[in-house]
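Tertiary structure, described
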Amino acid sequence: MESETMTWAARAVPQTRGLHPYVPGKPVEQLLRDKGLSHAIKLASNENPYGPSPKAMEAIRHAAGEVHRYPDGDSRQLKEVLAALHGVTPAHILPGNGSNEVLELVIRTFAGPNDEVVYSQRGFIVYALAAQAAGARGIAIPEADGLAPDLQAMGQAVTANTKIVCIANPNNPTGSWIDNDRLQAFLDRLPSDIVVILDEAYYEYVMVEQGEYVPVRHPGLVLCRTFSKAYGLAGCRIGYAVADPDIVAVVNRVREPFNVSLLAQQAAVAALVDRDWVMERVALCNAERLRLESALAELGILAAPCRGNFVLLRHASAALILQRLEDQGIIPRPLGPYGMPDYLRITVGTVAENETLLTALKPILASLD
Ligand SMILES: *Cc1c(COP(=O)(O)O)cnc(C)c1O
C-alpha cells in the first residue's frame with residue numbers, strides 16, 4: 001500500500017492536474033428537484049426546441065428493434081449520404097459520438113506533449129480541455145473586442161510547435177461570425193501542414209439566412225458539423241468531420257470500433273432526408289432570435305448580436321438574474337467557465353418559451369435598477 005496521503009488523482013497522468021470537468025447546462029430534472037417546481041424551460045444548451053424531424057423519430061423507433069446488434073462500425077450508409085451532401089467521397093467523412101468526440105479524437109491524434117494548440121480565449125471550451133487532456137499546450141488568444149476571435153493574433157501565435165488551430169464559426173458562447181472571405185485569408189497565411197479544426201456546429205443557422213456559401217480551403221482543414229443543434233438530435237450523440245482522407249484514416253486508428261450508435265446512425269440518415277423540415281425550424285429560430293435580441297436591446301442588456309440559436313446578455317448582476325430566472329423555472333447558461341461572469345447565454349426557445357423568458361426578465365431587471 002502507498003502512504004495514507006496517496007490519492008488517486010496524484011496517481012493519474014500529470015495532464016489531469018488542473019483539469020476540471022466540463023460544466024453542462026443544468027438539467028431540467030435537477031432544477032425541478034432543487035426548487036420544488038413542476039415545470040421548467042431549459043434554455044442552457046442550444047438544443048433545438050422543436051426536436052428532430054418526424055422521419056428521424058420514426059428511424060429511431062425502427063432501429064430500436066435492432067439494438068441487440070452492434071452498429072456498422074464504419075457508418076457506411078451515413079458516410080455515403082454525408083459524402084453526397086458535401087460533394088466528397090465517404091473516405092473524407094469521420095462520424096463521431098457527437099462532434100465533441102470528433103474534436104477530441106482529432107486533437108488527441110495530432111497533439112501531444114510539447115505540441116501547441118491555438119484557439120481563441122472565449123472559443124468553445126472543449127478545445128482547451130481536449131488539448132490539456134492530450135498533454136499538449138493550449139495557447140489561448142484573447143479576443144480583441146472581447147467577443148470575436150482576433151485572427152491576426154491567432155496567426156501570429158502559430159509557431160513551429162503548433163499542430164492545431166481551432167476556430168468555431170459561429171462561435172459558442174460569443175455568437176461571433178467570420179465571413180468566409182476573411183476566414184479564407186486567415187487560412188491562406190497558415191502553414192499547410194497544420195490541422196485546422198473549423199467547428200461549424202451552428203452552420204445551418206447562418207446558411208438559412210444567407211444561402212449556401214463557398215466552403216473555405218486548407219490542406220489540413222477538419223470541418224466539424226453536428227446533428228445536436230439544428231437537427232434536434234443532441235441526445236442521440238452524432239456529429240462528423242469532413243477532412244482529407246489521410247487525416248480521417250489516421251484518426252480512425254485511435255477511435256473506438258463502434259463509436260456511433262445504431263440509433264444515432266439511422267436517425268442522422270433520416271434527418272438528412274428531411275432537411276427541408278429542419279431548415280424551416282431553423283428559420284423560425286432565427287426569426288425568434290432577432291425578436292429576442294431587439295427585446296434585450298430595449299432592456300439595455302444585449303451584449304452583441306449572435307449568429308446561432310442563442311442570445312448573449314450582459315449585466316453586472318448576471319449571477320442574480322440567473323438565480324431569479326431559475327427560481328421561476330427558466331434555465332439560462334452562466335459563462336463563468338469562460339471568464340465571462342457578467343454574461344448569460346440563452347438559447348432561443350419556442351415562441352411561447354421566449355415569451356415566458358421576456359415576461360420573467362422585465363420585473364427582475366426593474367428590481368435591479
Ligand atoms: C454544441 C457544440 C458542439 C458539440 O456538439 P455535439 O453535441 O458534441 O455534436 C461543438 N462545437 C460547438 C461550438 C458547440 O456549440
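Residues numbered from 1 in each chain as written. Predicted model: local features only at pLDDT ≥ 70, side-chain atom pairs only at ≥ 80, totals over all residues. Heavy atoms only, no water.

Section: the sheet that holds strand S6 (residues 195–199)
Where we set the bar: The pairing criterion for strands is at least two bridges between them, as found by DSSP. By the criteria applied, helices consist of DSSP H or I runs no shorter than four residues and strands consist of E runs no shorter than two, each listed in order from the N terminus. Note on geometry: axes are C-alpha line fits, over the in-contact stretch for helices, and angles between N-to-C directions span 0 to 180 degrees.
Spatial strand order, S2-S8-S7-S6-S5-S3-S4: 7 strands in an open sheet with mixed pairing. If you trace the sheet from one side to the other, it starts and ends with strand S2 (93–96) and strand S4 (137–141), each paired once. Going from strand to strand, the sheet's axes swing by 20° on average, the running direction of each strand aside. Sheet topology note: the strand S7 (residues 221–226)/strand S8 (residues 239–242) ladder contains 4 bridges and is antiparallel. Bridging from a neighbouring strand, Cys 224 pairs with Ala 241 of S8.

Some details on the state of the cysteines
In plain terms, the rule: Two cysteine sulfur atoms make up a disulfide if the distance between them is within 2.5 Å.
This structure, assessed with the given rule, holds 0 disulfides. With no disulfide partner, Cys 236 has as its closest neighbouring cysteine sulfur the one in Cys 285, 19 Å distant. Here Cys 306 stays free of any disulfide, with the sulfur of Cys 285 as its closest cysteine sulfur at 14 Å.

Some points on the domain arrangement of the protein chain
Definition in use: In this document the domain limits rely on a domain assignment from an automatic tool or a database. We count a salt bridge whenever a side-chain nitrogen from Lys or Arg sits within 4 Å of a carboxyl oxygen from Asp or Glu.
Domain annotation for the protein chain reports domain 1 (23–46 + 276–368) and domain 2 (54–273). Distance from the C-alpha centre of domain 1 to the C-alpha centre of domain 2: 26 Å. Counting across the domain 1 and domain 2 interface gives 2 salt bridges. Between Arg 289 and Glu 209 there is a salt bridge, with the nearest N and O atoms lying 2.9 Å from each other.

What to know about the site of the ligand
Rules: We call a residue near a molecule or strand as soon as one heavy atom of that residue lies within 4 Å of the molecule or strand. For the purposes of these results, a polar contact is taken to be a pair of N or O atoms within 3.5 Å, where, inside protein, one atom must be able to donate a hydrogen and its partner to accept one; residues adjacent in sequence count only when each atom of the pair is a side-chain atom. The accessible surface values rely on the Shrake-Rupley method and a 1.4 Å probe; as for residues, cover is taken only from the protein chains in view. Classification used: nonpolar for Ala, Val, Leu, Ile, Met, Phe, Trp, Tyr, Cys and Pro, charged for Asp, Glu, Lys and Arg, polar for all others including Gly.
Close contacts around the ligand come from Gly 98, Ser 99, Asn 100, Phe 124, Asn 172, Asp 199, Ala 201, Tyr 202, Thr 226, Ser 228, Lys 229 and Arg 237, and that covers them all. At 2.7 Å, a side-chain N or O of Asn 172 approaches an oxygen atom of the ligand. A distance of 2.6 Å separates a nitrogen atom of the ligand from a polar side-chain atom of Asp 199. For the ligand, the accessible surface in isolation is 390 Å², of which the surrounding protein chains cover 93%. Among the residues forming the shell around the ligand, the class breakdown is 3 nonpolar, 6 polar and 3 charged.

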